[in-house]
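Remarks on the overall topology
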Amino acid sequence: MDLVIKGGVIVTATESYRADLGVEDGSIALIGRNLSGDEVIDASGMYVMPGGIDPHTHMELPFMGTVSSDDFRTGTVAAACGGTTTIIDFAIQSSGQTLREALEIWLEKAEGKASIDYGMHVAIGAMDDERMAEMGQMVEIGVPSFKIFMAYKGTFMVDDETLFRSLLRAKEIGGLITVHAENGDLLNYLINKHVAEGRKEPIWHALSHPPEAEAEATHRAIVLAGMTGAPIYVVHMTCADALEAVKTGRAKGFKVYGETCPQYLIFTMDKYEEPDFEGAKYVMSPPLREKGNPEALWRGLAGGDLQAVGTDHCPFNFVGQKEMGRDNFAAIPNGMPGVETRMPLLYHFGVNEGRFSVNRFVELVSTGPARLFGLLPRKGTIAIGADADLVIWDPDKERRLTRENLHMNVDHSPYERIAVKGFPSLVLQRGEVIVRDDQFVGKVGAGKFLKRSPIHL
Ligand code: URP
Ligand code: ZN
Ligand code: ZN
């Protein structure tokens with residue numbers, strides 16, 4: 001073996017057992033006892049888990065008059081430091097562009113910069129007969145998942161006909177439609193009303209994005225998916241009412257899958273009332289919700305109603321970016337950082353606090369996203385032949401999630417006051433150590449574009 005990881009507890013989505021793991025040519029080659037190899041990593045006292053897969057990031061996203069502050073270089077280094085070895089980002093089709101052109105633009109952003117492996121979804125900005133055909137070509141080249149924004153009227157939002165046609169086509173070609181589910185027309189009305197009334201503060205962002213708008217759009221998207229028989233994946237779910245729509249859809253036999261993100265599990269909307277415009281750090285869409293919703297989401301993760309935890313990583317600096325909205329909440333760029341903190345937060349608040357097992361943790365941060373997005377069996381599990389993307393997870397390692405301790409290219413940490421227990425000790429991609437002692441030691445640009453399989457859920 002090129003490398004043997006000895007003495008750890010191997011953790012998959014279904015099992016935990018003590019064994020050595022052998023790596024050859026970047027793949028997992030052997031699992032057994034008393035293995036020997038050219039290089040040995042002692043994993044005593046550690047968990048050996050599949051590397052994390054974050055199915056929802058926005059590196060270098062042009063949005064609301066600015067650009068998200070992590071590019072594929074800084075963002076993937078940060079991801080790796082938090083235990084994530086694969087991201088799936090979103091290429092967004094602008095008006096007049098083909099899906100292929102949008103994809104090329106995003107692949108160019110990532111090429112030579114991404115330090116971990118990456119896939120792309122394509123966000124559909126307009127649907128016509130040519131685009132319908134192009135969706136099939138996307139699946140053929142390894143991009144089997146698409147995004148529909150039901151919100152952001154005037155920029156990313158598309159109409160229900162586009163959503164419905166995308167679902168119909170996805171069903172034919174082994175595609176998966178992901179949706180940002182909020183009622184964009186209603187949000188637009190509320191935003192304009194509140195701005196006209198002189199409401200400026202960050203809290204008005206939340207009050208312009210009520211949970212009803214999310215629940216209604218979630219329900220609508222699921223019903224449309226159910227009519228077509230296509231699977232649907234609802235991104236960044238925030239509230240109990242939207243979760244009810246997922247449960248109802250699934251009870252009807254629809255193929256409905258849901259994602260939430262750590263920020264919706266940990267924070268509530270009182271964050272928007274922090275003094276000195278600090279609430280702007282938490283302005284994102286959908287927004288943080290009232291107490292009670294995080295608890296419902298945790299139950300959804302534990303009980304199986306939600307299948308994945310992504311981040312919606314879309315950071316903006318407080319100085320110079322979030323500040324664009326000091327006099328107008330509607331001009332605060334929407335989004336927050338998270339790609340590095342996802343796994344430690346979910347482990348600490350999920351596993352340590354007894355909400356679910358370490359196996360469920362692996363399912364939510366790695367195996368689930370791999371299964372849903374056409375990456376299994378190469379990524380997302382520990383099995384012979386899989387890429388040796390591994391996290392040697394130290395369940396006793398404590399870290400404060402301060403700006404100084406993190407690597408994301410953003411001038412603040414939303415989790416500044418939070419300390420977690422459970423953190424990566426080492427991270428490997430295809431058998432190479434890429435994170436040691438909390439520092440990225442891999443090669444910038446070594447990340448590979450992942451051609452994913454068609455998705456048949
Ligand atoms: O506020 C957010 N979520 N920004 C990123 C774009 C999106 O909606 O996913
Ligand atoms: Zn979104
Ligand atoms: Zn997003």
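What this report covers is the structure whose coordinates are included nearby. Quick caveat: nothing in here was measured; it's all calculated off a predicted structure.

1. Structural notes on the coordination of the zinc ion (ligand 3)
Within the protein, the atoms that donate to the zinc ion (ligand 3) are His 56 (NE2), His 58 (NE2) and Asp 312 (OD), at distances of 2.0 to 2.1 Å. Taken together, the four donor atoms coordinating the zinc ion (ligand 3) span angles of 88 to 142 degrees at the metal, a pattern that classifies the geometry as irregular. Read in sequence order, the donor residues for the zinc ion (ligand 3) give the motif H-x1-H-x253-D. The distance between the zinc ion (ligand 3) and the zinc ion (ligand 2) comes to 3.7 Å. In this pair, His 56 sits in strand S8 (residues 52–57) while Asp 312 sits in the loop between strand S17 (308–309) and helix H11 (342–352), placing the two residues 256 residues apart along the sequence. Judged by its relative accessible area of 0%, His 56 falls in the buried class. Given a relative accessible area of 8%, Asp 312 falls into the buried group.

2. What about the sheet that holds strand S21 (residues 439–440)?
On the basis of which strands lie adjacent, the open sheet formed by seven strands has the order S3-S2-S7-S18-S19-S20-S21 and mixed pairing. Edge positions in the sheet fall to strand S3 (16–18) and S21, since each has one partner strand and no second. Where strand S20 (residues 432–436) meets S21, two bridges bridge the pair, whose relative direction is antiparallel. Looking at S21, one finds that Val 435 is bridged to Phe 440. Lying on the sheet, helix H12 (residues 358–372) is in contact with strand S2 (9–11), S3, strand S7 (47–50) and strand S18 (390–400); it crosses S7 at an angle near 30 degrees.

3. Observations regarding the packing of helix H7 (residues 211–228) against helix H8 (residues 240–251)
In the contact formed by H7 and H8, the axes pass within 7 Å of each other and the chain directions differ by 15 degrees. What the angle tells us is that H7 and H8 run roughly parallel. Note on packing geometry: the crossing formed by H7 with H8 is right-handed. Taking contact as the criterion, the partners of Glu 214, Ala 215, Thr 218, His 219 and Ile 222 in H7 are, on H8, Asp 241, Ala 242, Ala 245, Val 246 and Gly 249.

4. Overview of empty space enclosed by the protein
Taken as a whole and assessed by the stated rule, the structure comprises three cavities of 30 Å³ or more. Considered as a void within the structure, the largest cavity measures approximately 100 Å³ in volume. His 58, Phe 63, Tyr 152, Asp 312 and Asn 334 are, among the 16 residues lining the largest cavity, the residues nearest its centre. Reported here for the second largest cavity is a volume of approximately 40 Å³. In this structure, the second largest cavity is lined by His 219, Ile 222, Val 223, Ala 245, Thr 248, Gly 249, Lys 252 and Phe 254. Elements that contribute at least two residues to the lining of the second largest cavity include exactly H7 and H8. Partitioning the lining of the second largest cavity into residue classes produces four nonpolar, three polar and one charged.

5. Quick word on helix H1 (residues 72–81)
In terms of residue burial, H1 counts as a mostly covered element, since nine of its 10 residues are buried. Residues Phe 72, Thr 74, Gly 75, Thr 76, Val 77, Ala 78, Ala 79, Ala 80 and Cys 81 constitute the buried set of H1. Looking at the buried side of H1, the elements it contacts are strand S11 (84–92), helix H2 (99–110), strand S12 (117–123), strand S19 (419–429), S20 and S21. Capping the start of H1 is the job of one residue whose side-chain oxygen sits 2.9 Å from the backbone nitrogen of Arg 73: Asp 71. Two residues or fewer after H1 comes Gly 83, characterised by a positive phi angle close to 100 degrees.

6. Quick word on the coordination of the zinc ion (ligand 2)
Summarising the metal site, the zinc ion (ligand 2) is bound by the protein donors His 180 (ND1) and His 236 (NE2), whose distances to it range over 2.1 Å. Angles of 57 to 150 degrees at the metal separate the four donor atoms of the zinc ion (ligand 2), which places the site in the irregular class.

7. Some points on the site of ligand 1
Taken together, 13 residues sit near ligand 1, with Tyr 152, His 180, Ser 285, Asp 312 and Asn 334 positioned nearest. Measuring from an oxygen atom of ligand 1, one finds a side-chain N or O atom of Tyr 152 at 2.6 Å. His 180 is positioned such that a nitrogen or oxygen atom in its side chain is 3.0 Å from an oxygen atom of ligand 1. The protein chains hide 100% of the 260 Å² of surface that ligand 1 would expose on its own. Structurally, ligand 1 is housed in the largest cavity. A class-by-class count of the residues in the shell around ligand 1 yields five nonpolar, seven polar and one charged.

8. So, the layout of surface pockets
Empty space among the atoms becomes apparent when a probe as large as a water molecule is rolled across them. A volume near 340 Å³ is recorded for the largest pocket. Lining the largest pocket we find 19 residues, and of these Met 64, Tyr 152, Lys 153, Ile 191 and Asn 334 sit closest to its centre. Element by element, the count of residues in the lining of the largest pocket is highest for helix H5 (residues 184–196), at five residues. Split into classes, the residues belonging to the lining of the largest pocket amount to 10 nonpolar, eight polar and one charged. A volume near 210 Å³ is recorded for the second largest pocket. Considering the residues around the second largest pocket, the lining is formed by 16 residues, among which Ile 92, Gln 93, Ser 94, Ser 95 and Phe 156 are closest to the centre. The element contributing the most residues to the lining of the second largest pocket is H2, with three residues. Here the lining of the second largest pocket is built from residues that sort into nine nonpolar, six polar and one charged.

Quick notes on the rules
Along each chain, the written sequence defines residue order, and numbers are assigned to residues from 1. For naming, the first written chain is A and the first written ligand is 1, with later ones following in the order written. Two thresholds apply to this predicted model, a pLDDT of at least 70 for residue-level local features and 80 or more for giving and counting side-chain atom pairs, whereas whole-chain, interface and lining totals are computed over all residues. Hydrogens and water molecules were not included; the side-chain quantities draw on all heavy atoms of the structure. Sites may look incomplete because water is not among the atoms; the donors themselves are N, O and S atoms within 2.8 Å of the metal, or within 3.2 Å for Na, K and Ca. Every geometry call rests on angle ranges, with four donors termed tetrahedral when all angles are between 85 and 135 degrees, four termed square planar and six termed octahedral when opposite donors are over 155 degrees apart and all others are between 65 and 115, and everything else termed irregular. Put simply, DSSP H or I for four residues or longer makes a helix, DSSP E for two residues or longer makes a strand, and each gets a number counted from the N terminus. Categorising residues by exposure relies on relative accessible area from a 1.4 Å probe, with only protein chains included: less than 20% of the type maximum marks a residue as buried, more than 50% marks it as exposed, and the intermediate range marks it as partly exposed. For two strands to be treated as a pair, DSSP must find at least two bridges joining them. Throughout, a residue-residue contact means that at least one pair of heavy atoms, one from each residue, lies within 4.5 Å. An axis is simply a line fitted to the C-alpha atoms; with a helix, the fit covers only the stretch in contact. Between two such axes, the angle follows the N-to-C directions and lies from 0 to 180 degrees. Roughly parallel means an angle under 35 degrees; roughly antiparallel means over 145; roughly perpendicular covers 65 to 115; every other angle is labelled oblique. Should the near helix be turned anticlockwise from the far one by less than a right angle, the crossing is left-handed, and should it be turned clockwise, the crossing is right-handed. Only protein atoms enter the 1 Å grid, on which a cavity is a set of points fitting a 1.4 Å probe that cannot get out and a pocket is an open set with protein on both sides within 12 Å along at least 5 of 7 lines, lining residues being those with an atom within 4 Å of a point. Grid points are joined across faces, edges and corners, and a volume is the space filled by probe spheres set on the points. Just so you know the grouping, Ala, Val, Leu, Ile, Met, Phe, Trp, Tyr, Cys and Pro go in nonpolar, Asp, Glu, Lys and Arg go in charged, and all remaining residues, Gly too, go in polar. Pairs of N or O atoms within 3.5 Å make up the polar contacts considered here, provided that, within protein, one atom can donate a hydrogen while the other can accept it, and that residues adjacent in sequence are counted only when both atoms are side-chain atoms. Put simply, a residue is near a molecule or strand once any heavy atom of it comes within 4 Å of that molecule or strand. The method behind every accessible area is Shrake-Rupley, applied with a 1.4 Å probe, and residues are considered shielded solely by the protein chains displayed. Think of it this way: if more than half of a molecule's atoms are within 2 Å of a pocket's grid points, that molecule is in the pocket or cavity.

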